[in-house]
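Architecture at a glance
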Amino acid sequence: MSFLRRRKPPENQKPTHPQPEPELEEEDNKKKELTPNKKIPKKAEERVKWSCLDNCCWFVGCVCTVWWGLLFLYNAMPASIPQFVSEAITGPWPDPPGVKLHKEGLKAKHPVVFVPGIVTGGLELWEGHQCAEGLFRKRLWGGTFGEVYKRPLCWVEHMSLNNETGLDPPGIRVRPVPGLVAADYFVPGYFVWAVLIANLARIGYEEKTMHMAAYDWRISFQNTEVRDQTLSRIKSNIELMVATNGGKKAVVVPHSMGALYFLHFMKWVEAPAPMGGGGGPDWCAKHIKAVMNIGGPFLGVPKSVSGLFSAEARDIAVARAIAPGALDKDLFHIQTLQYIMKMTRTWDSTMSMIPKGGDTIWGGLDWSPEEGYRPSKRKKHRSNAADCSADNENVSTESKARNIVNYGRIISFGKDVAEAHSSEIKKIDFRDAVKGSNTANNTCRDVWTEYHDMGLVGIKAVAEYKVYTAGEVVDLLNFVAPKMMARGNAHFSYGIADDLDDPKYAHYKYWSNPLETKLPNAPEMEIYSMYGVGIPTERAYVYRQSPSSECYIPFQIDTSADEDDKDKCLKDGVFTVDGDETVPALSAGYMCAKGWRGKTRFNPSGIKTYVREYDHAPPSNLLLEGRGTESGAHVDIMGNFALIEDIIRVAAGATGEELGGDQVYSDIFKWSEKIKLPL
Amino acid sequence: MASILRFRKLCILVPVKCSPVSYESHDAPEAEKKEDSPISAVEQVSEKPQVKKNKRQPKQWRCIDKCCWIIGYICTTWWLILFSFNCLTANLPGLKVPEPPGARLRREGLTALHPVVLVPGIVTGGLELWEGKPCSEGLFRKRLWGGNFAEIFKRPLCLLEHLSLDNETGLDPPGIRVRAVAGLVAADYFAPGYFVWANLIENLAKIGYEGKNMYMAAYDWRLSFQNTEIRDQTLSILKSQIELMYLTNGRKKVVVVPHSMGVIYFLHFLKWVEAPPPMGGGGGPDWCNKHVKAIMNIGPAFLGVPKAVGSLLSAESKDVAFLRAMAPGLFSSKTLGLQTLEHAMRVGRTWDSVISLLPKGGETIWGNLDWSPEEGHVCDSLKKRQLQASASDDKGNNSDSRRAFHVKELTKYGRIVSFGKNASELPSSQFSPLVFKVVSGSSTNSASVSCGKVWTEYNEMSHDSIRRVAENKAYTAETVMDLLRLVAPKLMQRAEAQFSHGIAEDLDDPKYNHYKYWSNPLETKLPNAPDMEIYCLYGAGLPTERSYVYKLTPSDRCKSIPFQIDGSADGSNSCLKGGVYFGDGDESVPVISGGFMCAKGWRGRTRFNPSGIATYIREYHHKAPTSLLEGRGLESGSHVAIMGNVAFIEDVLRVAAGASGAGLGGDKVYSDIMRMSERIDIRL
């Protein structure tokens, strides 16, 4: 009955014209004789209420109807309309490279293997705790990230690994998603490999000739084999694809950390059985035609330092860009960063990207290979130059002497320290500092990072050392996070080998460091370094101690440190240099530009190397082009038409020479010259 | 219940509500007039806003508003219900789902031991687009088959074009590449919410299985088996995956779980992998013994299914089956302008794999005009036994009385296709011998031009020959092949290069090395693998299509399928219903096809099983789900829903964790399979 009442006309009609009312009542009574008389007085009250509720319903209904209407129109609209509109605005689109090359007559030839990088691969749940019920085989990482919002703590618990072993915590099994879907899209609409896959399909590739070597990017490389037999799986799949494609060797396309992972694989596969894959010394020569590294951080990325040090880097990056709310401080009561840090510090793989090669590569207190880098020099031909642009070339050459940026100081405490001459810096060694026990420890509940073991003395000691170069950064991390680094040091190494024939280098922890391994004996193989340039990339940081509180990360990037002189590229406490936004050009290009060029001790068989740089150009039209077809950014480069074209050509049989050899925009060769590394 | 109540209220309300409003809106100006005159100026000022409101409000609540209101109301309640449902189900004790078998067995201490390979059947595997015609733009790597089938409704003709194969080669048509979806997602759910393998996968995961020791051997189920290797190298991939899993799991042999057509696909694989390279996989003669621990065939269609005949002859069988159940609109003749069935037939006939499901073994297995192994099967008793719900051992006692009663009207299952109900019951002496004279009548059939794009091979047949086909009245499993050859010569020519349906006289004849015999258990020897075990796991207790009563289609305008099942043919004996004779089985596969090989053909050392591989029959008696909450039932025996059967899952898990067939308890039989097998007179 109450429904009946609600539908009736608005209440304020009643006093003005009583005539219709009785009729209505009669009708009502006729229909429902059961209606007791006493309900009539009640009516007045109820009427006051209903209009609001009614309005709500009406509103909801309206919104729904309109929404459905639009949805219907959208679905009914022929698919070609957006394209038609955009072509009307910007002129005809260029053919996607796959179509273009298909017209040229290129056909699928070599099987292609993709090796995704860190973060971009999906992870799904196979076994979990109570709180993760109903998530079986649902994506925890990648996809919509819906669960992060719904049950954040549960999610963090499941994404973390065991602190001691770096493997699964008891009762939790999170595994990589297999197949091409693992990393074609990171989240809906944010492509990673999808564009490349679509273009390869145009010239005839399909599932049997393309393989996504998905692996659990959280654990150390050797552990992927120990736990999941991922390396064996890749080996078997490459062998299978080579066999079923008439003996055509595979073209491997690793991205980001995948480049290191595949380097590890190449050593693993030829190593004898207990530790390696037992493929024999000519496995790579027999099965691999080319390794086309996209944005490979061969020598590590400075970002990972800040990530490990204060969980602040923009590396986990994509995630932050996509889901800013996830890192938003309010979500976990101001402890988000601590949770993130606690979680990421259980991930061994992040340690694979700590800068390698120490001061020799990354520069010491007073020099760095990139010194004298002027974004303006390179950028002048571009009207829409990136952040670090300045027009006064002359000034810069004059001021060069006094204004050299000390990129070598990867971490400095305070802006003045970052700029001071090395002789002016007083350093107090932190390595022997006694770590005080922190009594506030237990108030931090389960948010526990190793900082709580350090105590104030340790923290002070760290800050007083003032400046850390790449070599010292490793020591620093060993100091602030001894347990994590103990785990990491068992799997990775960051040095430079003096004698590569030393039998100790047969250990797997050296396999992913290009400076401590020889490339396999495969003279016919080709190695490409393909990366974007023209985007300011994090290279060194200015830190400060954070205002103390109970549960805190004691250091943070000093975002107030800015430089007026744009040429110095200091912004928000970060010194930037040329690169693809994540990996500095030096890290991605050095090995191919110099370390492996020709017959060197790192490349005894003289594998050919090519550097292919892609200059960044932001999309001209945000709405229609999406993330651009000429982007040079770390992930967006996978949609760069020029890069896709290169890959397709190689997959269809071309060699590096036929592509045109090196293609360089940055000063990578000049910088490489400055690095004094015996080859 | 709530939703129904709500609905009723709305229905009552609409008329009541509409009338007063319209009435009032008419009335509104009058009211204003009345008010205007007697009220003083001062009062008027204060009154005015109210008057305006009066004016506006009645106008607002017009019919559109009502609609909006109703929609809004429904939406809101729907969300509320959904919300409370989401909140409650986890907590309500009454709604607790019974503990899955995986969790129980895990507590018993079972853990993952042998790697598991899942081989999906026909229809259930997803297919995705890799290259298509312009009409399929935007569907790259989207599922054309499986998933939500949204595209079929949006652009049906385009989709059908892409799902068809080339009529001549049975491979891709030019410019179209549709490929099987890879990985576990290929067939875990057929459509959202309709599980196929998902339940089994989840339970396997409970005892420790994951991606590295579980593999879904997805293949393009439209192709003939050997073509999957030629086009996609699917068999090679399967071989390599099994070898890989064997090596990476500590040299533990794999347990293979094929379903439906996957069973004969895997049979083909077993022969392929040991055959020498050009035609086979070159694994050597002991590959199976070395790599395969057990084959647990689910709902095996070893000897084919009669349904396949119906679907080939008139596209009418229920096989392509739950498709029809899932998307009834698809076949309702209106969507595609009255020609749905023809379209379906045209597409279906390009799929070679359907041919692999035609009944094998001819009259020896399926019975002839007068005889069939199932004869004496009592359809009513199915229900009776269902009620008893016990694995009754007193079959013997009952059957005597039953036999006496039913002797008069033995169902002649042997006549797989008969034209007219009479023909299905007549004694055989009244039939004239079968003589097919193909009168190629493309010229006589002038109507074919007007039929547009829908082309089936029936258009090339003259009315005469169609009539003659019908005059022959009844066909057995053997003559049905002749019938198909007559009505679809091209199809059969293509398909018979890939499949064979006979019984081998001499298995050592070198001709049996050809791959077309590999998927027929009656024309191949099992591999030499004495340590292997073969299980036949299938549901029983459901009426299953066994033979058909056909009639000529009355009109022949554009209805180019000249035959259809005579839906009016109902028998006094409940075995005949809607033109279909039912036997025992799992709704798709008759018991005889599912169980005969394990019950007799391979039992012990026979010529089909020279190394004496152990075989086990595990039947699961069908029980309908007791409540809606159980979904498709925890004890279902039907062809696909059996994958959620608790007893079945437990068996698979136990074997995967290391148990042997004897450890499971050996045979478990509810149907008459043993007796039926006895009746089949085949040299072993």
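Calculation criteria
- Residues numbered from 1 in each chain as written.
- Chains lettered and ligands numbered in written order.
- Predicted model: local features only at pLDDT ≥ 70, side-chain atom pairs only at ≥ 80, totals over all residues.
- Heavy atoms only, no water.
- Helix = DSSP H or I, 4+ residues; strand = E, 2+ residues; numbered from the N terminus.
- Buried < 20%, exposed > 50% of the residue type's maximum accessible area, 1.4 Å probe, protein only.
- Contact = heavy atoms within 4.5 Å.
- Areas by Shrake-Rupley, 256 points an atom, 1.4 Å probe, with all protein chains shown as cover.
- pLDDT = per-residue confidence, 0-100.
- Polar contact = N/O pair within 3.5 Å; in protein donor to acceptor, adjacent residues only side chain to side chain.
- Axes fitted to C-alpha atoms, helices over the stretch in contact; angles between N-to-C directions.
- Parallel < 35°, antiparallel > 145°, perpendicular 65-115°, else oblique.
- Left-handed = near helix turned anticlockwise from the far one by under 90°.
- Nonpolar A, V, L, I, M, F, W, Y, C, P; charged D, E, K, R; others polar.
- Pairing = 2+ DSSP bridges.
- Disulfide = S-S within 2.5 Å.

1. So, the overall build of chain A
Each helix and strand in chain A was counted, giving 29 helices and 17 strands. Every one of the 679 residues in chain A was classed for burial, and the buried ones make up 58%. A sequence separation of at least 24 residues applies to 76% of the contacts in chain A between residues at least 6 apart. Element-wise, carbon and sulfur atoms account for 57% of the exposed surface of chain A, whose accessible area totals about 27300 Å².

2. A word on the confidence of the model for chain B
Residues and elements named next belong to chain B. Chain-level statistics for chain B give a pLDDT mean of 76 and a share of 72% at 70 or above. Contacts for the low-pLDDT stretch residues 318-338, under 50 throughout, to residues beyond four places or in other chains number 38 contacts. Here the prediction assigns the complex a pTM of 0.82, and the interface score ipTM is 0.81.

3. A closer look at the side chain of B:Ser636
Residues and elements named next belong to chain B. The residue serine 636 is located in the loop between strand S17 (614-621) and helix H24 (646-656) in this model. Polar side-chain contacts of serine 636 include one of 3.2 Å to the backbone nitrogen of serine 638. If we ignore the near neighbours within four places in the chain, the residues touching serine 636 are His622, Lys623, Ala641, Ile642 and Asn645.

4. Describing the packing of helix H6 (residues 97-104) of chain A against helix H27 (residues 641-651) of chain A
Residue and element names in this part refer to chain A. At a closest axis distance of 9 Å, the pairing of H6 and H27 adopts a crossing angle of 40 degrees. As judged from the angle between their axes, H6 and H27 are oblique. As H6 packs across H27, the resulting crossing turns out to be right-handed. Of the residues in H27, those in contact with Pro97, Gly98, Lys100, Leu101 and Glu104 of H6 are Phe641, Ile644, Glu645, Ile648 and Arg649. For the contact of H6 with H27, the class distribution of residues is 5 nonpolar, 1 polar and 4 charged.

5. As for the pairing of strand S13 (residues 542-552) of chain B
Looking down a regular strand, the side chains alternate between one sheet face and the other. All names here are of chain B. Burial of S13 is extensive: 8 of the 11 residues sit out of reach of the surface. Across 3 bridges, strand S10 (residues 417-419) lies against S13 in parallel orientation. Paired with valine 417 across the two strands is tyrosine 548, which belongs to S13. In the sheet, S13 pairs with strand S14 (residues 563-565) via 3 bridges, with the strands oriented antiparallel. From the neighbouring strand, leucine 552 faces S14, where its bridge partner is phenylalanine 563.

6. Quick look at the state of the cysteines
Enumeration according to the criterion identifies 3 disulfides over all chains in this entry. Sulfur-sulfur distance for the disulfide between A:Cys131 and A:Cys154 comes to 2.1 Å. For the disulfide bridge between A:Cys131 and A:Cys154, the dihedral angle about the S-S bond is near 80 degrees, and by the sign convention the bridge is right-handed. Here A:Cys131 is found in the loop between strand S2 (123-127) and strand S3 (139-141), whereas its partner A:Cys154 is found in helix H8 (residues 152-159), with 23 residues between them in sequence. Accessibility expressed as a relative area gives 30% for A:Cys131, which makes it partly exposed. A residue is classified by how much of its surface remains accessible, and A:Cys154, at 9% relative accessible area, is buried. Covalently, B:Cys536 is tied to B:Cys598 through a disulfide, its sulfur atoms 2.1 Å apart.

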